[in-house]
Amino acid sequence: TCCLQQTKAGIIESAYKPLTIPDNVDFGSFILSHLEQYKDRPLIENGLTGVKYSYSDVISKSLKVASAFKKSGYKPGDVIAVFSTNNPEYLLVYIAAAAAGLTTTTMNSAYSAKELKFHLENSECCAIITTEELVSTVKEAVGTSETVKLKEIIVFGNSHGCRPFSTLVEDDGTALTEVYSGNAKEDVLVLPYSSGTTGLPKGVMLTHHNIVSNLLQLTVLKLDTSDRILGILPFYHIYGMVCILFSIITNGCSIYTLPKFEPEIFLSTLSKNRITCVHLVPPLILFLAKHPLVEDYDLSAIRRIFSGAAPLGKELVLKCKERLGVQEMIQGYGLTETSPVVHVSVPPIRHEGSVGTLIPNTAAKIIDPETNEILGPMQTGELCIKGPQVMKGYLNRPEATADMIRDGWLYSGDLAHYDEDGHFYITDRLKELIKYKGFQVAPAELEALLITHPDIKDCAVIGIPDEKAGELPRAYVVSNDKSTIREEDVLNFTKANVAPYKQLRGGVEFVPEIPKSAAGKILRRILRDSYKNKLND
Ligand code: ATP
Ligand code: MG
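Note that the structure is a prediction, hence the values are computed from the model and not measured.

**Q** How do you make sense of the sheet that holds strand β11 (residues 204–207) when you look at a structure like this?
**A** Backbone hydrogen bonds are what pair the strands of a sheet, in a parallel or an antiparallel way. Here we have eight strands laid out as an open sheet, ordered β9-β8-β7-β5-β6-β10-β11-β21, and mixed in their pairing. The two strands at the open ends of the sheet, each matched to only one other strand, are β9 (163–164) and β21 (393–394). Pairing of strand β5 (residues 79–83) with strand β7 (residues 127–131), which is carried by four bridges, proceeds in the parallel orientation. Looking at β7, one finds that Ile80 is bridged to Ala127. Contacting β10 (188–191) and β11, helix α7 (residues 208–217) runs over the sheet at an angle of about 70 degrees to β11.

**Q** When you look at the state of the cysteines in this model, what are you seeing that I'm missing?
**A** Note on terminology: a disulfide is the covalent bond linking the sulfur atoms of two cysteines. Applying the stated criterion across every chain, the model contains zero disulfides. For Cys126, which is in no disulfide, the shortest distance to another cysteine sulfur is to Cys125 and amounts to 7.0 Å. Looking at Cys126, the relative accessible area reads 10%, which means it is buried. Cysteine Cys459 shares no disulfide, and the gap to the nearest cysteine sulfur, in Cys320, comes to 16 Å.

**Q** Would you mind showing me how to read the environment of Thr219 here?
**A** On the secondary structure map, Thr219 appears in the loop between α7 and β12 (228–231). C-alpha separation for the pair Thr219 and Asn251, spaced 32 residues apart in sequence, amounts to 8.0 Å.

**Q** Explanation requested: the site of ligand 1 in the structure shown.
**A** For ligand 1, the set of nearby residues contains 21 residues, the closest of which are Thr197, Thr198, Thr336, Asp414 and Lys521. Thr198 places a side-chain nitrogen or oxygen 2.4 Å from an oxygen atom of ligand 1. At 3.4 Å, a backbone N or O of Ala310 approaches a nitrogen atom of ligand 1. Considered on its own, ligand 1 offers 640 Å² of accessible surface; in the complex 95% of this is hidden by protein. Of all the elements in the fold, those that place two or more residues in the shell around ligand 1 are β16 (328–334) and β24 (424–429). The element contributing the most residues to the shell around ligand 1 is β16, with four residues. Looking at side-chain class alone, the shell around ligand 1 contains seven nonpolar, 10 polar and four charged residues.

**Q** What is the right way to look at the packing of helix α10 (residues 282–290) against helix α11 (residues 314–324) in this model?
**A** It is the contact of α10 with α11, at a shortest axis distance of 8 Å, that shows an interaxial angle of 50 degrees. When the axes of α10 and α11 are compared, the pair comes out oblique. Two packed elements cross with a definite hand, and for α10 against α11 that hand is left-handed. Of the residues in α11, those in contact with Pro282, Ile285, Leu286, Phe287, Leu288, Ala289 and Lys290 of α10 are Leu316, Lys319, Cys320, Arg323 and Leu324.

**Q** I tried to follow the side chain of Ser62 on my own but got confused; where do I start?
**A** Within the fold, Ser62 resides in helix α2 (residues 55–71). Judged by its relative accessible area of 0%, Ser62 is buried. Ignoring sequence-local partners within four residues, the contact set of Ser62 consists of Asp57, Leu92, Ile95 and Ala96.

**Q** So what exactly am I meant to see when it comes to the nonpolar core here?
**A** A general feature of soluble globular proteins is that nonpolar side chains tend to end up buried together. Counting 152 residues, the largest nonpolar core has Leu35, Phe69, Leu288 and Ile305 as its most contacted members. The contacts of Leu288, once residues within four sequence positions are left out, are Phe266, Leu267, Leu280, Val294, Leu299, Ile305, Cys320, Arg323 and Leu324. Met107, Tyr111, Leu134 and Ile153 belong to the second largest nonpolar core, which has 19 residues in total.

**Q** Help me understand α2 in this model?
**A** Side chains three or four residues apart in an α-helix point the same way, a direct result of the helix having 3.6 residues per turn. Compared with the 24 Å implied by 1.5 Å per residue over 17 residues, the 25 Å span of α2 between its first and last C-alpha is a close match. Turning to α2, its buried residues are Tyr55, Val58, Ile59, Ser62, Val65, Ala66, Ser67, Ala68 and Phe69. With its phi angle positive at about 95 degrees, Gly73 sits one or two positions after the end of α2.

Parameters at a glance
- Residues numbered from 1 in each chain as written.
- Chains lettered and ligands numbered in written order.
- Predicted model: local features only at pLDDT ≥ 70, side-chain atom pairs only at ≥ 80, totals over all residues.
- Heavy atoms only, no water.
- Pairing = 2+ DSSP bridges.
- Helix = DSSP H or I, 4+ residues; strand = E, 2+ residues; numbered from the N terminus.
- Contact = heavy atoms within 4.5 Å.
- Axes fitted to C-alpha atoms, helices over the stretch in contact; angles between N-to-C directions.
- Disulfide = S-S within 2.5 Å.
- Buried < 20%, exposed > 50% of the residue type's maximum accessible area, 1.4 Å probe, protein only.
- Near = heavy atom within 4 Å.
- Polar contact = N/O pair within 3.5 Å; in protein donor to acceptor, adjacent residues only side chain to side chain.
- Areas by Shrake-Rupley, 256 points an atom, 1.4 Å probe, with all protein chains shown as cover.
- Nonpolar A, V, L, I, M, F, W, Y, C, P; charged D, E, K, R; others polar.
- Parallel < 35°, antiparallel > 145°, perpendicular 65-115°, else oblique.
- Left-handed = near helix turned anticlockwise from the far one by under 90°.
- Core = buried A, V, L, I, M, F, W, Y, C linked by side-chain atoms within 4.5 Å.
- Expected span 1.5 Å × (residues − 1).

Nothing here speaks to function; it is geometry throughout.
What follows is the structure, encoded as structure tokens:
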């Protein structure tokens, strides 16, 4: 169905027939119309407690919460924050805030008080909604700050000095006379923060139009109303928010939420509820492909596994497919700044390891980062993106915005190429490339190779500075419990498999675990810092 469409200028247009994306549809009306469509069906269930809401429950309850927001005096444009692990009520907040014209900002539920304080100040929010467990972190963050001006702390459950979320759900609904509809292309619906993999996280302003567009564009991935989805990836991250939480509604599916990853609970939730589609990130794919516990559970209902947010090697895809007997391993690519999806591989999948083709209404080009010249098929360069899902900008960061969006193109900072069929392949981040004597080595390529070694459980590769060569690739390896693998074995393994300039001349270090973000990204900066500290010791 998908072949390459390329204009003369080297710009690749999506091969899908363009969709009609309405210019001024607000998210509240959009999502409510989908909710209405599936009225009596089950929508969302807490995988731990069994608390559940049908599609009609979500309509009535979120409209009541929206009314309560209005009674509290929150006005269109005000920002409210959600600081919470996954639960069904998270969804009520998103919809209620949209209906009341508020912007929802989200943050990592593992934040310390200091990180939270930065986020609350930066986003200038007026209220925060949190869990009982996290209230103390919120109080600590607010207590030390003169600039955080929260009007209230709302809590899922009960906690001293906080307003219980249940009182909002029990509102009479009278203050919401109509669902907010303003300027869909200007009004910021959600304000998630980029993951902070490469620096401090930035507030990403995504409009109603951005999110509605991406949800419409995502309909190329046909989910079924009978699909049961797992909500394990964080709802505060754009992937969990749009591709999981919002997109189940546009597809009429149901979802089971889990607050965090615990191997047994994860597997038993999948098995017990006969989950059919799972959205994951590479570290969880690695778990499914390699962990012995997986054998003990019946996962035969799974028909699709989605992966995104970080590089996923072809070998790992094949291993996971084979072990679970899953036909469809679907990769997607995107950024917080693109709401998030840009590419997705749609079954039948012919190109393992590819992130798929451009979704409808999206264009891309690959440019040489040094000369800015547009490159052709099979040439690797920086991926630039254009489409209705591209963010409005970073909050209060005009220079950073101007740096990322130039002439209407979003410069992703990722290296990629495409083949003659229009399938894209991501090499790695431009900034993470290791430069050995003028040769470029992508850490993700070495990681994908190392992980295929039977004695290696997990790994990461960084570049370390070297006077003569510029940089040298160095591997961090987590070995299998019973293995006796040594540095020499790892070095011999890479010698046998990759070109001489890619060898691990910076050495191999065995570590108990690889630092990763909740969104599944390897935190290479932590490894670089630990290497620096080691040198200074
Ligand atoms: P920050 O911008 O704050 O440093 P971040 O870039 O990690 O953080 P996100 O917006 O969560 O924040 O991640 C987007 C990035 O994730 C992309 O730029 C790309 O590097 C990576 N990515 C996403 N999907 C894929 C994929 N399928 N394969 C490889 N990399 C991916
Ligand atoms: Mg980024």
